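So the chains spell out like this:
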Amino acid sequence: QVQLVESGGGLVQAGGSLRLSCAASGSTFSSYVMGWFRQAPGKEREFVATIRRSGSSTYYADSVKGRFIISRDNAKNTQYLQMNSLKPEDTAVYYCAAVAVTSELAFRTTPGMYRYWGQGTQVTVSS
């Protein structure tokens, strides 16, 4: 129903910033709750942030709260993750995720709550 393609990953020094983009196609973008997850080598995929369909509300993992900003532009079928004050522990493959929902209650914070995934983009933060 939807294809997701992440971009914007790369190498950045600690304290720097990076903006990830996730372009969606083949879908009614505004019908989807969107999220970002990340997976570091040898670790489980972990929740980063999520945003409601309208962009009216967001929720973040404690590890990134105050540093990362999730946003979406439904007119452009794109969601973003602005990452500021990056730390080496932010190094991971970052994945865009989406799920079509008919109602929004609790924020969706586990991988199993999402149906569609992008291919991932590598973010490396050097110290």
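Note that the structure is a prediction, hence the values are computed from the model and not measured.

Chemist: Sorry if this is basic, but what is going on with the overall build of the chain here?
Modeler: Secondary structure assignment for the chain yields 0 helices and 11 strands. Element order for the chain, N to C, with α for helix and β for strand: β-β-β-β-β-β-β-β-β-β-β. Rg of the C-alpha trace for the chain: 14 Å, near the compact-globule value of 14 Å for 127 residues, within the 12% margin. Taking the principal axes of its C-alpha atoms as reference, the chain extends roughly 45 × 25 × 25 Å. Across the chain, every contact between residues at least 6 apart in sequence was considered, and the portion connecting residues at least 24 apart equals 60%.

Chemist: Please explain the state of the cysteines as it appears in this structure.
Modeler: Between two cysteines, a covalent bond joining their sulfur atoms is known as a disulfide. Applying the stated criterion to the full structure yields 1 disulfide. In this model, C22 is linked to C96 through a disulfide, with the two sulfur atoms separated by 2.0 Å. Residues C22 and C96 are joined by a disulfide whose S-S torsion is about -75 degrees; by sign, that bridge is left-handed. Linking C22 in strand β3 (residues 18–25) with C96 in strand β9 (residues 92–100), this pair joins segments that are 74 residues apart in sequence. The class for C22 is buried, based on a relative accessible area of 0%.

Chemist: For this particular structure, what's the right way to read the nonpolar core?
Modeler: Soluble globular proteins tend to pack their nonpolar side chains together in the buried interior. The biggest cluster of nonpolar side chains holds 37 residues, and the ones touching the most others in it are L4, M34, W36, L81, M83 and Y94. The greatest single-element share of this core, amounting to 6 residues, is contributed by β9.

Chemist: Looking at this structure, how should I read the packing of aromatic side chains?
Modeler: The way to describe two aromatic rings as a pair is by their centre distance and the angle between their planes. As enumerated under the stated definition, the model contains 7 aromatic pairs in all. Look at F47 and Y59: their rings are 5.9 Å apart centre to centre, the planes differ by 25 degrees, and that puts the pair in the stacked class. Of this pair, F47 sits in strand β5 (residues 46–51) while Y59 sits in strand β6 (residues 58–60), and the two are 12 residues apart along the sequence. Taking relative accessible area as the criterion, F47 reaches 10% and is therefore assigned buried.

Chemist: Explanation requested: the sheet that holds strand β1 (residues 3–7) in the structure shown.
Modeler: In sheet architecture, strand pairing relies on hydrogen bonds along the backbone and comes in two forms, parallel and antiparallel. Strand order in the open sheet formed by 4 strands is β1-β3-β8-β7, and the pairing between neighbours is antiparallel. The sheet is open, and its two borders are formed by β1 and β7 (68–73), each paired with just one other strand. Pairs of neighbouring strands in the sheet enclose a mean axial angle of 15 degrees, with direction left out of account. Pairing between β1 and β3: 5 bridges, direction antiparallel. Counted as the bridge partner of L4 is A24 from β3.

Rules used in this analysis
- Residues numbered from 1 in each chain as written.
- Predicted model: local features only at pLDDT ≥ 70, side-chain atom pairs only at ≥ 80, totals over all residues.
- Heavy atoms only, no water.
- Helix = DSSP H or I, 4+ residues; strand = E, 2+ residues; numbered from the N terminus.
- Rg over C-alpha atoms; globule rule 2.2 N^0.38 Å.
- Contact = heavy atoms within 4.5 Å.
- Disulfide = S-S within 2.5 Å.
- Buried < 20%, exposed > 50% of the residue type's maximum accessible area, 1.4 Å probe, protein only.
- Core = buried A, V, L, I, M, F, W, Y, C linked by side-chain atoms within 4.5 Å.
- Phe/Tyr/Trp six-rings, centres within 6.5 Å; stacked < 30°, edge-to-face > 60°.
- Pairing = 2+ DSSP bridges.
- Axes fitted to C-alpha atoms, helices over the stretch in contact; angles between N-to-C directions.

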